[in-house]
Amino acid sequence: MIRQVLWDWNGTLLDDLQYAINVRNRVFPTFGLPGLESVADYHAQFTFPVRTYYERAGVTDETFEAVAHAWMDEYVRGFDTVRLHGDARSALDRLAHGKICQAVLSASKQDMLAEQIARFGIAPYFAVLLGLGDIYAGSKQEIARRYLQGCGISPQETCLIGDTLHDAEVAQAVGAGCVLVARGHQSRQTLLEAGVPVMQSLEQAVDWIMNA
């Protein structure tokens, strides 16, 4: 029985796939790097840690920090145009009504994560927001491990909902379950490599959790 859900943020609750592509296409060419023509092109390159994704895109060690900061500045600048996925609030409601504890586990910087979630008025759903200490989107594994050691709910009673292989890797590393949703930052074909349930919507993911 699942008593707790750890939500990924970008691409999972937050519908920012196309927005992230648009930001890249505005920023990367200013560093002499090519833009992307399609979601498929983005999916072919995107991975965690973000530094590896940037390397695939042609960013060097010398330019990584400059590109990362320029991308983040541009992302934040237009964030008020980004929306939640259409079924995000209903998914949060269903879990709340089912007395399932909810938290956010994100590779976003902690203060930025809190500001973004506050904008949508959904902070009351979450027991805690778990973000990183910088903008470089490294691994979420250690944050998840520390949280699960002290939250009072075992990893075996916890399920992570995400949109990338990294979410599945984190869940496996900490002993939690995982459901992936194939409409975010990695393709369904890629997500199937994880060997966990892959859904097309948050409603389907919640159905699976409620019946687990």
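Here's a quick rundown of the structure. Please read these numbers as outputs of a predicted model, since none were measured by experiment.

How each quantity is defined
Residues numbered from 1 in each chain as written. Predicted model: local features only at pLDDT ≥ 70, side-chain atom pairs only at ≥ 80, totals over all residues. Heavy atoms only, no water. Helix = DSSP H or I, 4+ residues; strand = E, 2+ residues; numbered from the N terminus. Rg over C-alpha atoms; globule rule 2.2 N^0.38 Å. Buried < 20%, exposed > 50% of the residue type's maximum accessible area, 1.4 Å probe, protein only. Contact = heavy atoms within 4.5 Å. Areas by Shrake-Rupley, 256 points an atom, 1.4 Å probe, with all protein chains shown as cover. Lys, Arg positive; Asp, Glu negative; His and termini not counted. Charge placed at Lys NZ, Arg CZ, Asp CG, Glu CD. Phe/Tyr/Trp six-rings, centres within 6.5 Å; stacked < 30°, edge-to-face > 60°. Lys NZ or Arg CZ within 6 Å of the ring centre and 35° of its normal. Pairing = 2+ DSSP bridges. Right-handed = clockwise from strand over helix to strand, strands pointing away. Axes fitted to C-alpha atoms, helices over the stretch in contact; angles between N-to-C directions. Parallel < 35°, antiparallel > 145°, perpendicular 65-115°, else oblique. Left-handed = near helix turned anticlockwise from the far one by under 90°. Nonpolar A, V, L, I, M, F, W, Y, C, P; charged D, E, K, R; others polar.

1. A short note on the overall build of the chain
Along the backbone of the chain there are ten helices and eight strands. Taken over the C-alpha trace, the chain has a radius of gyration of 17 Å; the compact-globule value for 212 residues is 17 Å, and the two agree within 12%. Considering only C-alpha atoms, the chain reaches an extent of 50 × 35 × 30 Å along its principal axes. Relative to its 212 residues, the chain shows a buried fraction of 52%. In the chain, the share of contacts with a sequence separation of at least 24, taken over all contacts with a separation of at least 6, comes to 66%. Roughly 9500 Å² of accessible area belongs to the chain as shown, and the carbon and sulfur atoms make up 51% of that amount. Side chains of the chain carry 17 positive and 25 negative charges; the gap between the two charge centres is 5 Å.

2. Side note on the packing of aromatic side chains
Applying the stated criterion across every chain yields a total of 13 aromatic pairs. Ring geometry for Y19 against Y75: centres 5.1 Å apart, planes inclined by 65°, an arrangement best described as edge-to-face. With Y19 in helix α1 (residues 17–27) and Y75 in helix α4 (residues 64–77), this residue pair connects regions lying 56 residues apart in the sequence. No difference in accessibility class separates Y19 from Y75, as the two residues are buried. Both rings, one in Y42 and one in F46, keep their centres 5.4 Å apart while their planes meet at 25°; by these two values the pair is stacked. For Y42, a relative accessible area of 3% translates into the label buried. Of the aromatic side chains, those joined through ring pairs into one cluster are F28, Y42, F46, F48, Y53, Y54 and F64. The ring of F64 carries the charged tip of R51 above its face, separated from the ring centre by 4.2 Å.

3. Notes on the pairing of strand β4 (residues 101–109)
Of all nine residues that make up β4, seven are buried, and the element is covered over most of its length. Relative to β4, strand β1 (residues 4–7) runs parallel, the two being bridged by four bridges. Across the sheet, the residue bridging to Q4 is C101, located in β4. Pairing of β4 with strand β5 (residues 129–132) involves three bridges; the strand directions are parallel. Bridging from a neighbouring strand, L105 pairs with L130 of β5. In this region the chain leaves β4, passes through helix α6 (residues 110–120) and returns to the parallel neighbour β5; the handedness of that crossover is right-handed.

4. What to know about unusual backbone geometry
Geometrically, the link from F48 to P49 is a cis peptide bond, its omega value of -5° lying close to zero. Tracing the sequence through the fold places P49 in the loop between α2 (39–45) and α3 (50–56). For K99, which is not glycine, the phi torsion reads 60° and is therefore positive. Position of K99 relative to the elements: it lies in the loop between α5 (88–97) and β4. Under the relative-accessibility criterion, K99 is labelled exposed at 73%.

5. A look at the packing of α5 against helix α10 (residues 202–210)
Direction vectors running N to C along α5 and α10 enclose 15°, while the axes themselves pass 9 Å from each other. Classified by the angle their axes make, α5 and α10 are roughly parallel. Taken as a pair, α5 and α10 cross one another with a handedness that is right-handed. Contacts between α5 and α10 pair A88, S90, A91, R94 and L95 from the former with L202, E203, V206, D207, I209 and M210 from the latter. A class-by-class count of the residues in the contact of α5 with α10 yields seven nonpolar, one polar and three charged.

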